[in-house]
Amino acid sequence: MEFKKNDVLTAEAVDYTFDGLGVVRHEGLCFFVKDLLKGEKAEIGVTAVKKNVGYGRVIRRLSDSPQRVEPRCPVARQCGGCQLQMMNSELQAEFKRHRVADCFQRIGHLDVEVKPVLSMEFPWKYRNKVQVPVGMNREGQMISGYYRSHSHDIVDFDQCCLHSDLENAILSSLKTWIAEIGDPKQFRHWLIKHAFRTGQVMVVFIANTAQIKGKMELIRRLTESYPQIRSIILNVNEREDNVILGDKEIVLWGSASIEEELLGLRFQISAKSFYQINPIQTEVLYRKAIELAGLTGKETVIDVYCGTGTIGLSAASKAKRVIGIEIVPSAVEDAKNNAVRNGITNAEFICGDAGACTSQLLQRNIQPEVAIVDPPRKGLDRLTIDSLVKMNPDRIVYVSCDPATLARDCAFLSEQGYSVQVVQPVDMFPQTTHVESIVLMSRKKT
């Protein structure tokens, strides 16, 4: 049968896509359907048909999975921020474990055991950073929220279940105050960083101009209403593309950074520096990564893509020496300051591309016993991998936010003399399809 848009079919979901859509097979065609759990049967309206797959929406569910729950958020089905709120915690954990296992099998062609996911006890209100697009609706009113899936349409909301109460309150105030005293069209995004342990807050206005209407009054209201705020920054971005942060940064009030505590250490966080989104699960993630590194106090550790130095500095007390590599200059400065702030003298940080810096370390005859890598979503480039292999560390601890590139890189490292010992997923992003993983690889014995 040849399907077309607006056709209706009745079928049962048999699996999930990597982004949480229900997979339905009907009369030789595979359909991807939002908000349909495995085992649920539904009347499905066809929304699009391509060469090999179709897409559909649920018109009416005919059966419910026992693992279905009602989303907390009233706009969860429209907003692209969360994809799994209709799954209970057990199903989310299994979905993520299976996703990691599938990538290792299908992409990496590696037969490995993937351990059960380390999940959160209370999987809500965990985000310490919110980056909210700002726009105007058809009626000319300011809206702020996250984008609808696969679009640039903003889904307006009053409260996000993943934000802290303080973040939600500040966002609500900004929406009210800017409508009163400012020009909403000047703003592109609002960025809030909330250090959970210290309570300190940074507010960043990302705007298309340095001349913000009502700026002084806005600062006054923010600082008087929210004494937790330590930093207010204006980031000017006049670009026409999708890059969020511009190059020009102006401190409007307070300091250029805030401080947070992690595993007994204190870290400086600037507007552009990377810091893990979920502070509760970050401690779980780092403890497990350091445990898997098997440090005895005699090892030289290289921390590639080190950011502000969080993993490397957390491991420094258990290592002989730590060398961090990061391409973002402000993050490297933060890392150096963090080492001084915490009295850590056995760590150094290098600013530059990961592949080039690892190659330079190799030329300096630095041979680490342990390498910790925490790359961006695209994974490791070939120069970095080649340099790691030539350094020949006993153990590589790979922290990844993307199971696909993780499996690809582990497969290549496996061909170069390393074997996967442990694969441990950690749920850093409950209610979403994202999953963090830690892999321990050891040099194969000859």
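Structure report, in brief. (Residues numbered from 1 in each chain as written. Predicted model: local features only at pLDDT ≥ 70, side-chain atom pairs only at ≥ 80, totals over all residues. Heavy atoms only, no water.)

### What to know about the overall build of the protein chain
Thought 1: Across its full length, the protein chain holds 9 helices and 21 strands.
Thought 2: By the compact-globule yardstick of 22 Å for 446 residues, the protein chain fits well, its C-alpha radius of gyration being 24 Å.
Thought 3: Expressed as lengths along the three principal axes of its C-alpha atoms, the size of the protein chain is roughly 65 × 60 × 40 Å.
Thought 4: As displayed, the protein chain offers around 20300 Å² of accessible surface, 48% of which is attributable to carbon and sulfur atoms.
Thought 5: In the protein chain, 56 side chains carry a positive charge and 54 a negative one; their mean positions are 1 Å apart. (Helix = DSSP H or I, 4+ residues; strand = E, 2+ residues; numbered from the N terminus. Rg over C-alpha atoms; globule rule 2.2 N^0.38 Å. Areas by Shrake-Rupley, 256 points an atom, 1.4 Å probe, with all protein chains shown as cover. Lys, Arg positive; Asp, Glu negative; His and termini not counted. Charge placed at Lys NZ, Arg CZ, Asp CG, Glu CD.)

### Focus on the environment of Ala331
Thought 1: As for its placement among the helices and strands, Ala331 is situated in helix H6 (residues 329-341).
Thought 2: Look past the residues within four positions of Ala331 in its chain and what remains in contact with it is Ser273, Gly307, Thr308 and Glu326. (Contact = heavy atoms within 4.5 Å.)

### Quick notes on the pairing of strand E21 (residues 436-443)
Thought 1: The buried fraction of E21 is high, at 7 of 8 residues.
Thought 2: Sheet topology note: the strand E19 (residues 395-400)/E21 ladder contains 6 bridges and is antiparallel. Counterpart to Ile396 in the pairing with E21 is Met441. (Buried < 20%, exposed > 50% of the residue type's maximum accessible area, 1.4 Å probe, protein only. Pairing = 2+ DSSP bridges.)

### Looking at the pattern of salt bridges
Thought 1: Counted by the stated rule, this structure contains 28 salt bridges.
Thought 2: As a salt-bridge pair, Glu283 and Arg287 come within 3.8 Å of each other at their nearest N and O atoms. Of the two residues, Glu283 and Arg287 are both situated in helix H4 (residues 279-293); the distance of 4 residues between them amounts to about one turn of the helix.
Thought 3: You can call Glu283 buried: its relative accessible area is 10%.
Thought 4: Residues joined by salt bridges that share partners form a network here, namely Asp35, Glu40, Arg68, Glu70 and Arg77. (Salt bridge = Lys/Arg side-chain N within 4 Å of Asp/Glu carboxyl O.)

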